[in-house]
Each structure stands twice: as C-alpha cells, then as structure tokens.
Amino acid sequence: MCAKISGFSKKSKNEKIEWLATHYLEEHPDAISILKQYWNTNEGLQQLHDDFIENTLTNYYLPFGIAPNFLINDTLYAIPMVIEESSVVAAASNAAKFWLQRGGFNAEVISTVKNGQIHMNYYGNADELQHFFQKVKPQLLDSVLELQRNMKKRGGGVLDIELIDSTEALEGYYQLHCTFETLDAMGANFINSCLEQFAQTFEAEADRHGAFQEETSFPKVVMSILSNYVPECTVKASVSCPVSELGQGDIEGDEFAEDFVRAVQIAKTETRRAVTHNKGIMNGIDAVIVATGNDFRAVEAGVHAYASRNGHYESLTTASVKDGVFNFSIEVPLALGTVGGLTSLHPMVKVALQILQNPSAKELMKIVAVAGLAQNFAALRSLVTTGIQKGHMKMHLMNILNQMDASTEEKEKAEKHFQDAVISHSAVTDFIANLRAD
Ligand code: MEV
C-alpha cells in the first residue's frame, strides 16, 4: 500500500528497496531482483554512482554508441552518443559519411560569454539606485577576488556587472546582470557562487548607504542565479557542396536541394513543424551532451528559448541554394564544460572525452553543433525522399524482436526477410508467429 515516510534518505540501499517493495511493488515481486540486477559488482564504481544523487537504488542503462567519420574543420572525429532512440546513431553515421565525401563540416565558436542575474525589488528613486550601484561596483568585484582567483589565473572570471531597470516589465524590478567567461568549465557553481557573493555585498553596502536610510525603500535581493539562456555563448556549424553532388537515387540534386530548402523554410514558419524539426536536432545534440557529462536540461532550455528569439519559435537550422551551391547551417547557444562536474567523475564520460581527443569546451561546442546539424540533415533527407519510417523501422526491428523474446535464429531469419519487406509491428509479430508455428 502506498505510504509516506520520513528519514528515507538515512536508510541503507537495501532498506530503501525493501520499503519500496513493501509499499509500492507488492504486485511486482520481480522488480526487486531487476533493480538489483543492475548493481555493479565493482563496489567502488557502484558507490561512485550511488553518490551522484540522493536515494540511489540502482543504475539505469542507456546505450553508449559511436558515430564515426565526422570530418570537422579537417579533423576526423568518432562522436560518442548516449541515446535510446534506435535510429539516431545510424542517422548521424550516415550523415557523417555523406559529408565526409563532400569536404566535411565547418564549425566556429561565435562567443563564449555566460551570464547570471541578481533579481531585486526597489521602489525608490531610480537615479539613486544607479548612483549607489556605480559607487559599490568596485566593492562587488573586490568581494569575489578570492572566489575567482583560479579562474582569473587561467584567463577567465567575471567580465562585467550592469544594473538593468526592468520596471517597465514589472513594477519595482531591477537586475544586476553579470557576465562571465568560464573557459573549459560549464561554470554553474562558479557563477552562482559569485552571484551570491555579489548579492551579499550589495545588500550589506545598501544597509550603510545614507540615501537609502532616508527613504523607506531599500533594494532587496529576491534571488541570485545563473541564466541557462546564453545567446552570447553560441556556435555555428555548416556544410556546403554543389547542388549537383546532392543526387539521391532517382532524385536529381537540384530537386533534392529544392525540397530540402523548402522543408527548412516550413520549419522557419510553422511552429508545429519547427518543434519536431528541432527535436530531431536535439536527438544529436543531447546524445553527445549526455555522453560527455554535460547538463542536457540546461542546453535544452536555452536552445528552445534561442529558437524563439525572433518572436516566434522557429527552426535552428537554415538552408539555401546560391549560385548552384547548397548551404546548410545551424547556430545554437551551448554552455558546455570539459572540466569539472561529471567530466572528472564519471568513468564513461572520461572515455567519451578521450574518444573526442580531450576537447576544450570550445571544441566540444563545435562537435555538438555538428552532431545537431548532421542529425537534422539525416532527418530531412529521409523526410523529403523515402519518408522517415523506412530507416526508422529498420533500426526498430530489433526492439520488436526483443519484445517477442526472439531467439538468435529467429532474429537472423527476420532480418533477412525484412531486408525487402515493409516493417511494422504486426508484420514482425506475424512473421515470428509463423516461424514458431512451423
Ligand atoms: C524523430 O526522433 C525526429 C524526427 O521527427 C525529426 C524531424 O522530423 O525532423 C525524424
């Protein structure tokens, strides 16, 4: 029977599972052995994973795959991807191979500035607040000298602090908008620590500021936090080739290019299509982000806000044909790290970064943007030619066979049969049922 509990986090892993089994899994006796089946026999490794979060019960596997043949700025990469969706790695590999024969991908980091805000209430005289801010700004910067010592040594740190009057949008709302360069670190802890220190110093100085004493109003900090919207931390990736090199089977290059460009224009115009179009891009982006231990929720939130920066939600990619040349590109905000956080803790993340030749954060930004562009290319190529289901169902065949507990022999026969036949759940079920009936 479902139940409440206090002090759950203090229980041992076995006690937690027992409690769960008693109250939530009574009708699923197998669930306990399934949970424990995923425990790693290497106790140190298991402990490392247990310690990532509170109340860890077990591990949750996702496939870790590789998409080879990515030529980016004349360097070859095999890109690690962690994702459950059957066709994503295959699609990335196909796109990589396609562009390998056409000069590869170009990528450039446009900027790397991250930001955070101290959000505050102030109902007094705006000029007085501005005057106070100018006076206190050097003290704010001094107050984080120790916090940013290491970051500064490496060439990063706090870039600037600005007072922004947002009272037109919300009565009494001001921000200290702070910008940062965090180099190879994603920088969330660094940024948040600086912001909280700024806020503390700001309020302490406000307490001593004569003009605020005379007024009834003091500036009051509501909260201090980094922003996951990073439109000043962006990367561009692109491919191009003569239209004549785009022929697909029976389809001529110019016809393919025309349909492809039209598909992107539709995703620039129609939100319903843009969301799915960008979802396909995120298939590639998230898979690399997860493999390299970065924060996919932060990237997702920031990317979708960026897709709306022109007032409506639109495609992150752009395609055109000019003078017989096909151009296809993506521009995305990506706040990534290759040091700190999970990157120095998770053994698989370390391997993923080694596969990528231990990239800097800027190099990783380029690789991730390329993965997104490649994924979008693969999706649109299928959509405007064969349709998506042919390739997708080919990759999904093994999942259907696994759902049916197909034997190795049954799988081999099914793979052979469905090389030429249309794959659907019912067609595969019928095929296996027939085999079993023989
Ligand atoms: C499926 O995960 C992604 C696609 O829907 C993307 C798209 O439609 O562009 C195939």
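Quick caveat, the model's predicted, so the values are computed rather than measured.

K.L.:
What am I meant to see in the environment of Val 332 here?
P.N.:
Turning to its location among the elements, Val 332 is positioned in strand 10 (residues 325–333). Using a relative accessible area of 0% as the deciding quantity, one classes Val 332 as buried. Setting aside residues no more than four positions away along its own chain, Val 332 makes contact with Cys 233, Thr 234, Val 235, Ile 285, Val 303, Tyr 306, Leu 316 and Ala 369.

K.L.:
Got a minute to help me understand the pattern of salt bridges in this structure?
P.N.:
A pair can form between side chains of opposite charge whenever their charged atoms are brought close. All told, the structure shown has nine salt bridges when counted by the stated rule. The salt bridge involving Lys 137 is made with Asp 160; its shortest N-O contact spans 2.9 Å. With Lys 137 in helix 5 (residues 126–143) and Asp 160 in strand 5 (residues 157–165), this pair connects stretches of sequence that are 23 residues apart. Asp 160 gets classed as partly exposed once you look at its relative accessible area, which sits at 30%.

K.L.:
It is not clear to me how the nonpolar core should be interpreted in this structure. Could you clarify?
P.N.:
Nonpolar side chains in soluble globular proteins generally cluster together in the buried interior. Phe 70, Phe 326 and Leu 334 are the most contacted members of the largest nonpolar core, which has 65 residues in total. Per-element accounting of this core gives the leading share, 12 residues, to helix 13 (residues 361–383). Dropping the residues within four chain positions of it, Phe 70 is found in contact with Thr 75, Leu 76, Tyr 77, Ile 79, Ala 92, Ala 96, Phe 105, Val 370 and Ala 374. Counting 29 residues, the second-largest nonpolar core is a separate cluster that includes Leu 163, Ala 185, Phe 212 and Leu 226.

K.L.:
For this particular structure, what's the right way to read the environment of Ala 352?
P.N.:
Position of Ala 352 relative to the elements: it lies in helix 12 (residues 347–355). Remark: the alpha-carbon pair of Ala 352 and Leu 48, spanning 304 residues in sequence, is separated by 18 Å. Leave out the neighbours within four places in its chain, and Ala 352 touches Phe 64, Pro 80, Ala 291 and Thr 292.

K.L.:
Could you clarify how one ought to interpret empty space enclosed by the protein in this entry?
P.N.:
Inspection of every chain in the model, using the stated rule, returns one cavity of 30 Å³ or more. When its volume is computed, the largest cavity comes out at roughly 90 Å³. Lining the largest cavity are 13 residues, and of these Met 186, Asn 228, Val 230, Ala 298 and Ala 335 sit closest to its centre. Here the lining of the largest cavity gets three residues from one element, more than from any other, and that element is helix 11 (residues 296–306). Of the residues contributing to the lining of the largest cavity, the split by class is nine nonpolar, three polar and one charged.

K.L.:
Teacher, can you tell me more about the site of the ligand here?
P.N.:
In the vicinity of the ligand, the contacting residues are Glu 85, Arg 273, Thr 276, His 277, Lys 279, Gly 280, Asn 283, Ala 379, Leu 383 and Ile 388. Take Glu 85: an N or O atom from its side chain is 2.5 Å from an oxygen atom of the ligand. Contact with the protein chains hides 81% of the accessible area of the ligand, taken as 300 Å² for the molecule alone. At the level of elements, helix 10 (271–291) and helix 13 are the ones that each hand at least two residues to the shell around the ligand. Of all the elements, helix 10 adds the most residues to the shell around the ligand, at six residues.

K.L.:
Just to check I follow, could you spell out the packing of aromatic side chains for this structure?
P.N.:
Both the distance between ring centres and the angle between the ring planes are used here to describe each pair of aromatic rings. Summed over all chains, the structure comprises 22 aromatic pairs. Ring centres of Tyr 122 and Phe 212 lie 5.7 Å apart, and the angle between their planes is 65°; this geometry places the pair in the edge-to-face category. Of this pair, Tyr 122 sits in the loop between strand 4 (114–121) and helix 5 while Phe 212 sits in helix 8 (residues 210–214), and the two are 90 residues apart along the sequence. Exposure remark for Tyr 122: the relative accessible area of 1% places this residue in the buried category. Between Phe 212 and Phe 218 the ring centres are 6.3 Å apart and the planes differ by 50°, which places this aromatic pair in the tilted class. Taking the relative accessible area as the measure of exposure, Phe 218 reaches 34% and is therefore partly exposed. By way of ring pairs, the aromatic residues Phe 98, Trp 99, Phe 256, Phe 260, Phe 326, Phe 328 and Phe 377 are connected into one cluster. Lying across the ring of Phe 8, Lys 16 places its NZ or CZ 5.9 Å from the centre.

K.L.:
Sorry if this is basic, but what is going on with the pairing of strand 8 (residues 234–242) here?
P.N.:
Here is the key point about a regular strand: its side chains alternate between the two faces of the sheet. Sheet topology note: the strand 3 (residues 106–109)/strand 8 ladder contains four bridges and is antiparallel. Considered in strand 8, the bridge of Glu 108 is made with Lys 236. In terms of strand pairing, strand 8 meets strand 10 through nine bridges, oriented antiparallel. Its bridge partner lying in strand 10, Lys 236 is registered against Glu 331.

K.L.:
What am I meant to see in the side chain of Lys 114 here?
P.N.:
Topologically, Lys 114 is positioned in strand 4. Buried charge without a salt bridge: Lys 114, with Glu 181 as the nearest opposite-charge side chain at an N-O distance of 5.9 Å. In terms of polar contacts, Lys 114 uses its side chain to reach the side chain of Thr 182, at 2.7 Å. Those residues in contact with Lys 114, other than ones at most four positions away along the chain, are Cys 178, Thr 179, Phe 180, Thr 182, Leu 183, Ala 185, Met 186, Ile 191, Val 230, Cys 233, Ala 335 and Leu 336.

K.L.:
Help me understand the domain arrangement of the protein chain, please; the structure alone is not making it clear to me.
P.N.:
It is common to give the size of an interface as the accessible area lost on bringing the parts into contact. Each domain of the protein chain was delimited in the assignment, giving domain 1 (8–50), domain 2 (64–111 + 234–386), domain 3 (114–226) and domain 4 (391–437). Domain 3 and domain 4 are separated by 61 Å when their C-alpha centres are compared.

K.L.:
Any chance you could explain the pairing of strand 2 (residues 75–82) here in plain terms?
P.N.:
Of the strand pairs in this sheet, strand 1 (residues 64–72) and strand 2 are connected by seven bridges, and their pairing is antiparallel. Note that in strand 2 the partner of Phe 64 across the bridge is Val 82. Linking strand 1 to strand 2, which pair antiparallel, is a turn of two residues; within it Asn 73 sits at a positive phi near 50°.

K.L.:
So what exactly am I meant to see when it comes to helix 3 (residues 43–50) here?
P.N.:
Every α-helical turn comprises 3.6 residues, leaving residues that sit three or four positions apart pointing alike. Listed in full, the buried residues belonging to helix 3 are Gln 46, His 49 and Asp 50. Buried residues of helix 3, viewed axially, fall in a sector of 105°; they line one side. The inward-facing, buried residues of helix 3 contact helix 1 (13–24) and helix 12.

K.L.:
Looking at this structure, how should I read the layout of surface pockets?
P.N.:
Gaps left between atoms are located by rolling a probe of water-molecule size over the structure's atoms. As a volume, the largest pocket reaches approximately 1600 Å³. The wall of the largest pocket is formed by 48 residues, among which Phe 52, Val 290, Gly 293, Leu 342 and His 346 lie closest to the centre. Those elements giving two or more residues to the lining of the largest pocket turn out to be helix 3, helix 7 (188–208), helix 10, helix 11 and helix 12. The leading source of residues in the lining of the largest pocket is helix 10, at seven residues. Partitioned by chemical class, the residues of the lining of the largest pocket number 25 nonpolar, 16 polar and seven charged. Estimated volume of the second largest pocket: approximately 1200 Å³. As for the second largest pocket, its lining consists of 42 residues, and the residues nearest its centre are Ser 382, Ile 388, Lys 390, Gly 391 and His 392.

Criteria and thresholds
- Residues numbered from 1 in each chain as written.
- Predicted model: local features only at pLDDT ≥ 70, side-chain atom pairs only at ≥ 80, totals over all residues.
- Heavy atoms only, no water.
- Helix = DSSP H or I, 4+ residues; strand = E, 2+ residues; numbered from the N terminus.
- Buried < 20%, exposed > 50% of the residue type's maximum accessible area, 1.4 Å probe, protein only.
- Contact = heavy atoms within 4.5 Å.
- Salt bridge = Lys/Arg side-chain N within 4 Å of Asp/Glu carboxyl O.
- Core = buried A, V, L, I, M, F, W, Y, C linked by side-chain atoms within 4.5 Å.
- 1 Å grid on protein atoms, 1.4 Å probe; cavity = no way out; pocket = protein on both sides within 12 Å on 5 of 7 lines; lining within 4 Å.
- Points joined across faces, edges and corners; volume = space filled by probe spheres on them.
- Nonpolar A, V, L, I, M, F, W, Y, C, P; charged D, E, K, R; others polar.
- Near = heavy atom within 4 Å.
- Polar contact = N/O pair within 3.5 Å; in protein donor to acceptor, adjacent residues only side chain to side chain.
- Areas by Shrake-Rupley, 256 points an atom, 1.4 Å probe, with all protein chains shown as cover.
- Phe/Tyr/Trp six-rings, centres within 6.5 Å; stacked < 30°, edge-to-face > 60°.
- Lys NZ or Arg CZ within 6 Å of the ring centre and 35° of its normal.
- Pairing = 2+ DSSP bridges.
- Lys, Arg positive; Asp, Glu negative; His and termini not counted.
- Domains from an automatic or database assignment.
- Arc of directions from axis to C-beta.

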